[in-house]
Amino acid sequence: MNIVILTGAGISAESGLGTFRDADGLWTKYALEDVATPEGFARDPALVLDFYNKRRRNCLDAAPNAAHMALTKLQAATGALIVTQNVDDLHERAGSKDVIHMHGELLKQLCHNCGDVRAATAVIEPETPCPACQRPALRPDVVWFGEMPYHMERIWEALANADLFVSIGTSGAVYPAAGFAQDARRRGADTLELNLEPSEGARDFTSAIYGPATDIVPAWVDSVLKG
């Protein structure tokens, strides 16, 4: 069985990483247009870089939780493909392989002058030079609103061949990921939502289980592996 899994902020929330759209989410503290758009970066690169420096420290202090660990076990047994909207590396630290980061990776930096991508330095400031071209043109290697997500051709191909599409911890509000369930269903896949509560796209799933990710994901994985 070909399983494609999409994960969102909800799977990392119990590791202490802030979600975006909850009542106390990140977007209640920062304006999206200020810290997550190319225009915001052009206006105030120091603000944007400071925001991501803080998020990077938060990420490094976090640890994978039981939901991440369960998906690693599922992947090892079934070859499931994990696609994540998250920019953290908790799937990898849990042992998952070949994770597709459609929104980039917080622990990588991108030079918008020469395109060099590599592991991020601990702190990036507006004057920090790119190791490749020496220009002070570094930004986090994350996909901002208005930019094209990464690896979309590979993701669409995987969805076309999926027998089961599972969405875990996502709001169902951000496209193109919000359309994955519909696309998978049109191509004949079963669709399952695992979330704290129904997402905006809950109607697109053939079945659903609701509750904390650290409870419901390990239980679901155990049920799959037991057949």
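Above: the structure in question.
Source: prediction; values computed, not measured.

Colleague: Give a detailed account of the overall build of the protein, specifying residues and quantitative values.
Modeller: Within the protein one finds 9 helices and 9 strands. Against the 2.2 N^0.38 benchmark of 17 Å for 227 residues, the protein shows a C-alpha radius of gyration of 18 Å, consistent with a compact globule. Overall, the protein is about 55 × 35 × 30 Å in size when its C-alpha atoms are taken along their principal axes. The buried share among the 227 residues of the protein stands at 48%. Relative to all contacts within the protein whose residues are 6 or more apart in sequence, the contacts with residues 24 or more apart total 63%. Measuring between centres, the 20 positive side-chain charges of the protein sit 2 Å from its 30 negative side-chain charges.

Colleague: Can you break down the sheet that holds strand E2 (residues 81-84) residue by residue, with the values?
Modeller: With parallel pairing, the 6 strands of this open sheet are ordered in space as E3-E2-E1-E7-E8-E9. At either margin of the open sheet sits one strand with a lone partner, and together these are strand E3 (100-101) and strand E9 (207-210). In the sheet, strand E7 (residues 164-168) pairs with strand E8 (residues 190-195) via 5 bridges, with the strands oriented parallel. Looking at E8, one finds that Val166 is bridged to Leu192. Contacting strand E1 (3-7), E2, E3 and E7, helix H7 (residues 152-160) crosses the sheet at an angle of about 135° to E2.

Colleague: Go over the nonpolar core with me, naming the residues and quoting the values.
Modeller: Counting 20 residues, the largest nonpolar core has Ile5, Leu71, Val166, Ile168, Leu194, Val217 and Trp220 as its most contacted members. The element best represented in this core is helix H9 (residues 213-225), accounting for 5 residues. When neighbours within four sequence positions are excluded, Val166 is seen to be in contact with Ile3, Val4, Ile5, Leu6, Leu192, Leu194 and Trp220. Val4, Ala162, Phe165 and Phe180 belong to the second-largest nonpolar core, a separate cluster that totals 18 residues.

Colleague: Before we move on, could you go through the state of the cysteines and cite the residues and values that matter?
Modeller: By the definition in use, this model includes 0 disulfides. Considering cysteine sulfurs only, Cys111 is the nearest to Cys114, which forms no disulfide, with 3.7 Å between them.

Colleague: Can you break down the sheet that holds strand E4 (residues 104-111) residue by residue, with the values?
Modeller: Taken together, the 3 strands give an open sheet; going across it, the order is E5-E4-E6, and neighbouring strands pair in antiparallel fashion. Among the strands making up the open sheet, the edge pair consists of strand E5 (117-119) and strand E6 (138-142). Sheet twist, expressed as the average angle between the axes of neighbouring strands with direction ignored, equals 45°. Two strands pair when backbone bridges link them, and E4 and E5 are joined in this way by 3 bridges, in the antiparallel orientation. Bridge assignment links Leu110 to a residue of E5, and that residue is Val117. Sitting on the sheet, helix H4 (residues 45-61) is in contact with E4 and E6, with an inclination near 140° to E4.

Colleague: Describe the side chain of Asp116, listing the residues and the values that go with them.
Modeller: One can find Asp116 in the loop between E4 and E5. Accessibility expressed as a relative area gives 19% for Asp116, which makes it buried. Contacts of Asp116, omitting those with residues within four sequence positions, involve Gln109, Leu110, Cys111, Cys130 and Ala132.

Colleague: Got a sec to walk through the packing of aromatic side chains? Specific residues and values, please.
Modeller: Considering all chains together, one arrives at 6 aromatic pairs under this definition. Seen in terms of ring centroids, Phe41 and Trp144 are 5.4 Å apart; in terms of plane orientation they differ by 45°. Their pairing is tilted. A residue pair is termed long-range when its members are at least 10 positions apart, and Phe41 in helix H3 (residues 38-43) and Trp144 in the loop between E6 and H7 qualify at 103 residues. Trp144 matches Phe41 in its accessibility class, with the two residues each being buried. Here Trp156 and Phe180 contribute two aromatic rings whose centre-to-centre distance is 5.2 Å and whose plane-to-plane angle is 80°, an arrangement assigned as edge-to-face. With Trp156 in helix H7 and Phe180 in helix H8 (residues 180-186), the pair connects residues that are 24 residues apart, well separated along the chain. Of the residues examined, Phe180 reaches a relative accessible area of 1% and is grouped as buried. Cluster of aromatic residues (ring-pair linked, three or more members): Phe41, Phe51, Tyr52 and Trp144.

The rules behind the values
Residues numbered from 1 in each chain as written. Predicted model: local features only at pLDDT ≥ 70, side-chain atom pairs only at ≥ 80, totals over all residues. Heavy atoms only, no water. Helix = DSSP H or I, 4+ residues; strand = E, 2+ residues; numbered from the N terminus. Rg over C-alpha atoms; globule rule 2.2 N^0.38 Å. Buried < 20%, exposed > 50% of the residue type's maximum accessible area, 1.4 Å probe, protein only. Contact = heavy atoms within 4.5 Å. Lys, Arg positive; Asp, Glu negative; His and termini not counted. Charge placed at Lys NZ, Arg CZ, Asp CG, Glu CD. Pairing = 2+ DSSP bridges. Axes fitted to C-alpha atoms, helices over the stretch in contact; angles between N-to-C directions. Core = buried A, V, L, I, M, F, W, Y, C linked by side-chain atoms within 4.5 Å. Disulfide = S-S within 2.5 Å. Phe/Tyr/Trp six-rings, centres within 6.5 Å; stacked < 30°, edge-to-face > 60°.

So yeah, pure geometry; function would need other evidence.
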